[in-house]
Structure formats: structure tokens, C-alpha cells
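Overview (structure and organization)
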Amino acid sequence: MSKLIKTFLCQRQARVRYRFTNSKFVQMRNRLPQGAVSSCSLFNIMINDLIENLKKIHAAQCLAFEVNISVFSTDQNVDISGANIDQAMIYLEKWCDKNQMTSNTDKTVYQLFTLSTKQHLTTVKYKIRDLSRQDCFRYICVALDNKLSWRRHADDNVEKGASRLSLLRRLSGVTWGSSPETLATTYKTYVRSVLDYGGELLATASNYCGDEVDRVQNKALRLINYFSCLFYAYYCS
């Protein structure tokens, strides 16, 4: 297995193609090949000790999904949570230097989740750079607002789902178009899949979030039922 991984990673060459022109081959010095099935597994093996050691830091927890790593700390005192995160950032810096890896600070941000109305002046540094603070950030396509109200996440799902309803209108018709079964299958796979993404989070959200999602689903169901009645009335007459 070690020989297979070595031949997979060593002496790799790549080039860039733009339209009909190819660049020269360049030998890859680092990074895993993007799109390869085994790349995610190899990356997880590489960062396995990083995640385990970050979890050992007092009150600091870590979540990882593919190449995205999230470090968080919870405490009633914001300063204590900030100190825990600072320790985690120091360890992350040392680990990256030791393993010759770099973190993309342009895509790295931090958030403060609190129901307090008090303004908290917090800073998080990685090496000598101050990370950007945001009130709402999308992690794995889930919008996390600083109150964890999930309203922004629901609004995003509703906007995507409403924009996809146009496909059902194009596929439906009185004397032509898809059957009601096809419209229902299209809705479940193309529209409802977007509305239900992260739907478990809405269990703790306000009724507004659920009502917004229900409105889009009601529009889709009325559309399917309307053309279903016309479809059967036309073909049964």
C-alpha cells in the first residue's frame, strides 16, 4: 500500500489547457491531485493527529469535513472562549510549519455566537494576521448567523427553491408536457431537495422560517395538482 501511495503522489506532472492551447508540463511539488477518489482519504489521514490534538486543548472542539476544519469553544465568558481559540490557533500554526502545510487565511473567518446585546470587541489571529470577523458565514452551504436563528439559511433555501419552480412550469402543460408523476418526481429531486437541505436546523427556528419554506412547497403542490386535474380531464375525455 505504501508503494502504491508513493507512486500516486511522487513525480506527478500537470499542465493547463486553455481552449486549444496546452502549457508545458510542470512537476507538482506538493498538494494532492484534485478530483481523485483517494485524495480525501489521504488528506484525512494526514490531518488526523491535528484534529485529535486540537480536541485535547481545554474547552476547544474541532469539526472537519473534507478540507474544511472548524474550531470552536463555548463558555459563558467570551474572553475565556477567545483564549481557548488563541491556543488552538497557536497549535495550528506550529502543526502547519512542522508538516509543511499552509492555511488559506483569505477563506478563514471567525464568528461570535451570542444572544447578548453587548458589543464584544474580539480578535483572532493566525500568525501575524488578524482574521476577518463575520456576522453570518456559510459553512458547507449552511448559513450560520451570530444568533443561530437560522433565518438566513431558510431564506437562502427558499430563494433557491422558488427559482427552481420555473422548471415545473416549463414541463407542465394542458395538451402537452410531462405527466403528473413526472412533475412530482421532478419536484422531489430538484426543488424539495433544496428546501430540505439542513432542514433539521429549522426545528429550533421561529415559525417564520418554516412558514417561508411551506409557501414554496404549497406553490409547487398547487402547480402539480392543477395540471394533474387538467391532464386527466384532457386524456380521459
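Reading the values: the criteria
- Residues numbered from 1 in each chain as written.
- Predicted model: local features only at pLDDT ≥ 70, side-chain atom pairs only at ≥ 80, totals over all residues.
- Heavy atoms only, no water.
- Domains from an automatic or database assignment.
- Pairing = 2+ DSSP bridges.
- Helix = DSSP H or I, 4+ residues; strand = E, 2+ residues; numbered from the N terminus.
- Bend = angle between axes of the 7 residues up to and from the residue.
- Buried < 20%, exposed > 50% of the residue type's maximum accessible area, 1.4 Å probe, protein only.
- Salt bridge = Lys/Arg side-chain N within 4 Å of Asp/Glu carboxyl O.
- Axes fitted to C-alpha atoms, helices over the stretch in contact; angles between N-to-C directions.
- Parallel < 35°, antiparallel > 145°, perpendicular 65-115°, else oblique.
- Left-handed = near helix turned anticlockwise from the far one by under 90°.
- Contact = heavy atoms within 4.5 Å.
- Nonpolar A, V, L, I, M, F, W, Y, C, P; charged D, E, K, R; others polar.

Per the domain assignment, the segments of the chain are domain 1 (38-134) and domain 2 (151-236). Just the C-alpha atoms count here: the centres of domain 1 and domain 2 sit 39 Å apart.

This part covers the pairing of strand S5 (residues 60-65). Of the strand pairs in this sheet, S5 and strand S6 (residues 68-73) are connected by 6 bridges, and their pairing is antiparallel. Across the sheet, the residue bridging to glutamine 61 is phenylalanine 72, located in S6. The antiparallel hairpin formed by S5 and S6 contains 2 residues in its connecting segment, where glutamate 66 sits at a positive phi of about 55°.

The subject of this paragraph is helix H6 (residues 180-195). Along its length, H6 reaches its greatest deviation from straightness, about 35°, at lysine 188. Here H6 has its buried residues at Pro180, Leu183, Thr186, Tyr187, Val191, Val194 and Leu195.

Glancing now at the pattern of salt bridges. A complete count under the given rule lists 5 salt bridges for this structure. In this structure, the salt-bridge partner of aspartate 97 is lysine 127, at a minimum N-O distance of 3.5 Å. Separated by 30 residues along the polypeptide, aspartate 97 in helix H4 (residues 78-98) and lysine 127 in the loop between strand S8 (125-126) and strand S9 (129-130) bring together distant segments of the chain. With relative accessibility at 42%, the residue lysine 127 sits in the partly exposed group. As a salt-bridge pair, arginine 138 and aspartate 156 come within 2.7 Å of each other at their nearest N and O atoms. Here arginine 138, found in strand S11 (residues 136-139), pairs with aspartate 156, found in helix H5 (residues 151-171); they are 18 residues apart in sequence, far enough to count as distant. Looking at arginine 138, the relative accessible area reads 45%, which means it is partly exposed. Look at aspartate 156 and you get buried, because its relative accessible area is 15%.

It is worth spelling out the packing of helix H3 (residues 48-56) against H4 at this point. Following both chains from N to C, one finds H3 and H4 inclined at 155°, their axes separated by 10 Å at the closest point. One element, H3, and the other, H4, form an angle in the roughly antiparallel class. Judged by the sense of rotation from one axis to the other, the crossing of H3 with H4 is right-handed. Only Ala88, Tyr91, Leu92 and Trp95 of H4 make contact with H3, whose side of the interface consists of Asp49, Leu50, Asn53 and Leu54. Among the residues making up the contact of H3 with H4, the classes are represented as 6 nonpolar, 1 polar and 1 charged.

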